[in-house]
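So the chains spell out like this:
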Amino acid sequence: MRQPHYNAMTVDVEDYFHVSALAEVIRRDDWDRMEYRAEQSTNRLLDLFGKQGIRATFFVLGWVAKRSPELIKRIHAAGHEVACHGLTHELVYRQTPEVFRQETNESKALLEDLIGAPVLGYRAASYSITAQSLWAIDILCELGFRYDSSIFPIAHDRYGIPGASTRPGLMHGKSGASIVEFPLSTAQLLGRRVPVAGGGYFRLLPYWFTRWGLRSINENQDQPFIFYLHPWEIDADQPRFNASWLSRFRHYTNLHVCEARLTRLIGEFKFTTVRDVLRSHLEAAPVGTIAAVSV
């Protein structure tokens, strides 16, 4: 009988005012004056994961690490994986390679100094490694990252590479360097890819749909899935801003049910860190494919 897959639980540690959906009404210059809520929301997730007995990967924004260094130490001390979410939440395709390299290196070094351990994983702000910013893969390899989770294999107005692989595996940069890519989760419905990876999709779509999609990845595709959410998604009391209708719909819908849904999800699937999922998955891969890459 097939053993249940362990899947990757991930948290993008950022605050409500960092998100791209609200950039139209919140200026970067105002961040230091905003009500800061990321620490309390992340602590709630840490408490929930502790009660449920799971470990997760926290992709930490460097801006948050500077503001809350003790929080990052608590994440690490609790046995979770600390990974990098960049420094300023700027979209990769809006940066030059030089700025991307500098900011990513600074954030990685900051996190490593705080936890006293290597940071091996990276996730771009708003999944902004796209066809036009694939140059970032070479820089991630250069900086010593072993895996990336930035590519969403769907079409979207802000991100996505529709033809990208949906399975964890090696990705090669133009330099010939390789990194393991763990793409965001999609399921097949009527011959089309539909996103079931978490975040806004988890809040906007019915719970049964997400559960069906994730279960199909485990059972029909015999693959682990990767799930994500943000601390602000369990914070229904966060300040509200008069952004565009679409941005308000994406950001505020069903904040009040997200934590309960997450608790239910944890009870129905097995979860651990990205690093542990990839290590197990790569070790089980056929010799000569992706098994030789250490994470």
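Scroll up a little and you will see the structure.
A. Region of interest: the nonpolar core. Of all hydrophobic cores here, the largest spans 73 residues; its most connected members are Met-9, Phe-49, Ile-72, Phe-227 and Leu-262. Each residue touching Phe-49, except ones within four places of it in the same chain, is listed here: Met-9, Val-11, Ile-54, Ala-56, Phe-58, His-80, Leu-262 and Ile-266. Ranked by size, the runner-up nonpolar core spans 20 residues in total, among them Leu-120, Val-180, Tyr-228 and Val-277.

B. The pairing of strand S8 (residues 186-189), seen in detail. Sheet topology note: the S8/strand S9 (residues 192-195) ladder contains four bridges and is antiparallel. Bridging across to S9, Thr-186 finds its partner in Pro-195. Turn length for the S8-S9 hairpin, with the two strands adjacent in sequence and antiparallel, is two residues, and the turn residue Leu-190 shows positive phi of about 55°.

C. Structural context of helix H1 (residues 38-52). Compared with an ideal rise of 1.5 Å per residue, which puts 15 residues at 21 Å, H1 spans 21 Å between its outermost C-alpha atoms and is within 8% of the ideal. Looking at the buried positions of H1, the neighbouring elements they touch are strand S1 (6-13), strand S2 (57-60), helix H3 (69-77), strand S10 (226-229) and helix H9 (255-268). After H1 finishes, the residue Gly-53 shows a positive phi value of roughly 70°.

D. Geometry of the environment of Leu-111. Here Leu-111 lies in helix H4 (residues 97-115). Along the sequence, Leu-111 and Gly-200 sit 89 residues apart, while their C-alpha atoms lie 27 Å from each other. Setting aside anything within four residues of it in sequence, one finds Leu-111 in contact with Val-60, Ala-65, Ile-72, Val-82, Ala-83, Cys-84 and Val-119.

E. Up close: the pattern of salt bridges. The full count for this structure, using the stated rule, is 18 salt bridges. In this structure, Asp-235 and Arg-37 form a salt bridge, with 2.6 Å as the shortest nitrogen-oxygen distance. Of this pair, Asp-235 sits in the loop between S10 and helix H8 (245-252) while Arg-37 sits in the loop between S1 and H1, and the two are 198 residues apart along the sequence. Residue Asp-235 is classed as buried on the basis of its relative accessible area of 2%. Arg-37 sits in the buried class, given a relative accessible area of 9%. A salt bridge links Glu-268 to Arg-211, with the shortest nitrogen-to-oxygen separation between them at 3.7 Å.

Definitions and cut-offs
Residues numbered from 1 in each chain as written. Predicted model: local features only at pLDDT ≥ 70, side-chain atom pairs only at ≥ 80, totals over all residues. Heavy atoms only, no water. Core = buried A, V, L, I, M, F, W, Y, C linked by side-chain atoms within 4.5 Å. Buried < 20%, exposed > 50% of the residue type's maximum accessible area, 1.4 Å probe, protein only. Contact = heavy atoms within 4.5 Å. Pairing = 2+ DSSP bridges. Helix = DSSP H or I, 4+ residues; strand = E, 2+ residues; numbered from the N terminus. Expected span 1.5 Å × (residues − 1). Salt bridge = Lys/Arg side-chain N within 4 Å of Asp/Glu carboxyl O.

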